[in-house]
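# Analysis of the macromolecular model
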Amino acid sequence: MKYRRLGRTGLMVSEIGFGGEWLPGKTDEEAGLFFDKATAYGINILDCWMSDPEVRSLIGRSLRDRRDKWIIQGHIGPTWQNGQYVRTRDMSVVVPAFEDLLKRLETDYIDLGMIHYVDTDEDWDTIINGPFIEYVRDLKARGVIRYVGASSHNAKVAKRIIMSGEVDMLMFAINPSFDLMPTKHLDDLLASDHFVDKLAGIHPDRVELYKLCEQMDIGITVMKPFAAGRLFKAEASPFSVAMTPIQCLHYALTRPGVASVMTGFGEPAHIDEAVHYEEASEEEKDFTKVLASSEYQADTHKCMYCNHCLPCPKAIDIAMVNKFYDMAVMQAHVPDTVREHYRALTANASDCIACGGCEKRCPFGVPVVSRMKAARELFG
């Protein structure tokens, strides 16, 4: 495993990180296999944004006796209310939720205290001008968090966060479908003489963010490197060609300022596949040959299954409904397994009341209400 300096924090983090969002539903034994394998490979950074108390406790038990081997990104702001994830700035809920994170992870400190999911100017104004930032500063002053970070999907807002001087690092959504400007053909864009600076053809807001991170020594950890797996399938990719996990990892790791990619592992074999990056050939890593000459449409308004749209007043697991819907429509006939998994949901698209609150919270502009209607029509 290769390690990179996470900007001015000085922490040396593994290029391949551990995104924990696939842990829900795993047993202690299954989770132990993930952490045993990851630790053996030298993976040393974990992101825990999940507010589900069962998942937090599962991670805590898995890290028991090896806490000192892991750098934890622990988020401040995600809470668990009425059985659902809720992002909030209400300190009466935020504080006990973060204390719960410490307790369930069985630790008295978090290496990277993350201001969770800031995508609008209004939200940042609330944070920076109120008790939220005071709480974060106090946590750092007491050593409960070693460094302050923030997570965002919005380049403009991320720039404001960095310019405030409050954070030491950034978690940001990076993959080629988010970065590249819509264009009919990418031949010239991706030619070696154009792409040498790693910023050619990237959206100007994101270029400015990457440059700012380099200038201010703000290290980046990456989320959404595979666009929720969409980049692995030609029929789902905005490029109409399939990329490999190695190519996606290489894209993210060659962006300015990036130190580690938080990779989702659905099964232990996925760890092997990701860590293969460290010994992959240049030919295996080369993403330009895949993207060259492809037709590209901006990858927006597509569900990333992150559940930042919650809470839902009808307790619908929106990400799961969307995932089953996407799995179904990519095939000629709805697989019985997908249909049964959908029907097993406690609440599904048929329960949607079209309130639209989910659409206001979605960082990717997904038309959730219309997708719920489509799912309802597809599954019955």
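Here the structure is a predicted model, which is why all the values come from computation and not from measurement. (Residues numbered from 1 in each chain as written. Predicted model: local features only at pLDDT ≥ 70, side-chain atom pairs only at ≥ 80, totals over all residues. Heavy atoms only, no water.)

## What to know about the nonpolar core
This is how it is decided: What makes a nonpolar core is a set of buried Ala, Val, Leu, Ile, Met, Phe, Trp, Tyr and Cys residues whose side-chain atoms join them at distances within 4.5 Å. Only protein chains enter the area calculation, which uses a 1.4 Å probe; residues under 20% of their type maximum are buried, those over 50% are exposed, and those in between are partly exposed. In this description, contact between two residues means that some pair of their heavy atoms is separated by no more than 4.5 Å.
Of all hydrophobic cores here, the largest spans 124 residues; its most connected members are Phe18, Ile59, Phe98 and Ile115. If sequence neighbours within four positions are ignored, Phe98 has contacts with Gly74, His75, Ile76, Ile110, Tyr135, Leu139, Val144 and Ile145.

## Looking at the sheet that holds strand 10 (residues 169-173)
For clarity, the threshold we go by: By definition, two strands form a pair when at least two bridges between them are found by DSSP. Numbering goes from the N terminus for both helices and strands, where a helix is a DSSP run of H or I of at least four residues and a strand is a run of E of at least two. For helices, the fitted line uses only the C-alpha atoms of the stretch in contact; every axis is such a line through C-alpha atoms, and the angle between N-to-C directions lies from 0 to 180 degrees.
Strand order around the closed barrel formed by eight strands is 3-4-5-8-9-10-11-12, with parallel pairing between neighbours. For this sheet the average axis-to-axis angle between neighbouring strands, irrespective of direction, equals 30°. The pairing of strand 11 (residues 219-223) with strand 12 (residues 258-264) spans three bridges and is parallel. From the neighbouring strand, Thr221 faces strand 12, where its bridge partner is Ser260.

## Quick look at the pairing of strand 10
Put simply, side chains in a regular strand alternate between the two faces of the sheet. Rule in force here: The handedness of a crossover follows from its direction of travel: if, with the strands pointing away from the viewer, the path from the first strand over the helix to the second runs clockwise, the crossover is right-handed.
Among the five residues in strand 10, five count as buried, and that is most of the element. The alternating pattern of strand 10 places Met169, Met171 and Ala173 on one face and Leu170 and Phe172 on the opposite face, and all of these are buried. Pairing of strand 9 (residues 145-152) with strand 10 involves four bridges; the strand directions are parallel. The partner of Gly149 across the bridge, within strand 10, is Met169. Assessed by its sense of winding, the connection that carries the chain from strand 9 through helix 6 (residues 155-163) to strand 10 is right-handed. As judged from the five bridges shared by strand 10 and strand 11, these two strands associate in the parallel manner. Each bridged residue has a counterpart across the sheet, and for Met171 the counterpart in strand 11 is Thr221.

## Let's talk about the side chain of Arg67
Here is the rule: Identification of polar contacts relies on pairs of N or O atoms within 3.5 Å, with a donor-acceptor requirement for protein atoms, meaning one able to donate a hydrogen and the other able to accept it, and with residues adjacent in sequence counted only if both atoms are side-chain atoms.
Note that Arg67 resides in the loop between helix 2 (53-63) and strand 5 (71-76). Polar contacts involving the side chain of Arg67 include one to the side chain of Thr107, which spans 3.0 Å. Among residues more than four places away in sequence, those in contact with Arg67 are Ile72, Thr107, Tyr109, Ile110 and Asp111.

## Some thoughts on the packing of aromatic side chains
Inclusion rule: Between 30 and 60 degrees the pair is tilted, below 30 it is stacked and above 60 it is edge-to-face, where a pair is any two Phe, Tyr or Trp rings, Trp via its six-membered ring, whose centres lie within 6.5 Å.
A complete count under the given rule lists 10 aromatic pairs for this structure. Aromatic side chains Phe18 and Phe35 sit 4.7 Å apart centroid to centroid with 10° between the ring planes, which places their arrangement in the stacked category. Linking Phe18 in strand 3 (residues 16-19) with Phe35 in helix 1 (residues 28-41), this pair joins segments that are 17 residues apart in sequence. With respect to class, Phe18 is no different from Phe35; both count as buried. Between the aromatic rings of Tyr342 and Phe379, the centroid separation amounts to 4.1 Å while the plane-to-plane angle is 15°, which identifies the pairing as stacked. Of this pair, Tyr342 sits in helix 16 (residues 336-343) while Phe379 sits in helix 18 (residues 368-379), and the two are 37 residues apart along the sequence. Here Tyr342 and Phe379 have matching classes, each one buried. Taken together, the aromatic side chains of Phe18, Phe35, Trp70 and Phe265 make up a single cluster linked through ring pairs.

## Structural notes on unusual backbone geometry
The peptide bond linking Leu310 to Pro311 adopts the cis configuration, its omega dihedral lying at 10°. Secondary-structure assignment places Pro311 in the loop between helix 14 (288-291) and helix 15 (318-329).

Shape is all these values report; function is a separate question.
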